[in-house]
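What follows is each chain in one-letter form.
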Amino acid sequence: MSKITDKVFELAKPVVEEAGCSLWDVEYVREAGSWYLRVFIDKEGGVSINDCETISRALDPILDEADPIPDSYVFEVGSAGAERELKRPGDFQQFMGSEVELRLYQPLKGSKVFVGKLAAYEDGDVTVTVGKEDMRFDKTQIALVKLHVSI
């Protein structure tokens, strides 16, 4: 995480937890010429629009006072989502055995995308059970790992 997202994470965590949610991630990105600060939250049973609004209203003045971002930005609070990205070791531990989609930078066996059960995580390396085969991917190969929801 960048210094900005680290600082916002620190500021947001107590506010999010006080609202009965957990802080999943903080993202600060440039899209379509504007900067966006996004706080992603999670809650047992799902996040509601009211949860997002409550946290946004409580966190906005704290961010204004702390001023961790010198430039103007759009501030958003949203759900981590059903197909959330797994980034930290704790994310992988929490969802061990869940179905994931793993994307690679370069094709392997003719594909850059693999869907299967999360079988292991060790120092950034990820093992996914695809069909009956355990496939281990080195962290340098992995572009993204996210939960996968089958329809």
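Heads up: the structure comes first, above all this text.
Bear in mind the structure is a predicted one, so any value in this text is a computation, not a measurement. (Residues numbered from 1 in each chain as written. Predicted model: local features only at pLDDT ≥ 70, side-chain atom pairs only at ≥ 80, totals over all residues. Heavy atoms only, no water.)

Participant: Explain the environment of Ala119 to me, please; I cannot follow it from the model alone.
Facilitator: Position of Ala119 relative to the elements: it lies in strand E5 (residues 111-122). Residue Ala119 is classed as partly exposed on the basis of its relative accessible area, which comes to 36%. Along the backbone, Ala119 and Trp35 are 84 residues apart, and their C-alpha atoms lie at a distance of 36 Å. Beyond its immediate sequence surroundings of up to four residues, Ala119 is in contact with Met96, Thr127, Val128, Thr129 and Asp134. (Helix = DSSP H or I, 4+ residues; strand = E, 2+ residues; numbered from the N terminus. Buried < 20%, exposed > 50% of the residue type's maximum accessible area, 1.4 Å probe, protein only. Contact = heavy atoms within 4.5 Å.)

Participant: What am I meant to see in the sheet that holds strand E7 (residues 133-137) here?
Facilitator: Hydrogen bonds along the backbone pair up the strands of a sheet, which may run parallel or antiparallel. Pairing in this open sheet of five strands is antiparallel, and the strands run E7-E6-E5-E4-E8 from one edge to the other. Of all the strands in the sheet, just E7 and strand E8 (142-147) have a single pairing partner and so form its edges. On average, each strand axis in the sheet is inclined to that of its neighbour by 40°, with strand direction left out of account. Strand direction decides the pairing type here: E5 and strand E6 (residues 125-130), joined by five bridges, are antiparallel. Bridge pairing in E6 places Ala120 opposite Thr127. (Pairing = 2+ DSSP bridges. Axes fitted to C-alpha atoms, helices over the stretch in contact; angles between N-to-C directions.)

Participant: Just to check I follow, could you spell out the sheet that holds strand E2 (residues 34-42) for this structure?
Facilitator: Strand order in this open sheet of three strands is E1-E2-E3, and the pairing throughout is mixed. Looking at strand neighbours, the two that pair on one side only are strand E1 (22-31) and strand E3 (74-79), the edges of this open sheet. Going from strand to strand, the sheet's axes swing by 20° on average, the running direction of each strand aside. With six bridges connecting them, E2 and E3 associate as parallel partners.

Participant: Explain the pattern of salt bridges here, please?
Facilitator: Two side chains with opposite charge may pair up if their charged atoms get near one another. Per the counting criterion, the structure on display carries 14 salt bridges. For Asp25, the salt bridge identified is with Lys87, shortest N-O distance 2.6 Å. Here Asp25, found in strand E1, pairs with Lys87, found in the loop between E3 and helix H3 (89-94); they are 62 residues apart in sequence, far enough to count as distant. Taking relative accessible area as the criterion, Asp25 reaches 6% and is therefore assigned buried. Judged by relative accessible area, which is 39%, Lys87 ranks as partly exposed. As a salt-bridge pair, Arg38 and Glu31 come within 2.9 Å of each other at their nearest N and O atoms. Judged by relative accessible area, which is 13%, Arg38 ranks as buried. When salt bridges that share partners are traced, they join Asp25, Lys87, Arg88 and Asp91 into one network. (Salt bridge = Lys/Arg side-chain N within 4 Å of Asp/Glu carboxyl O.)

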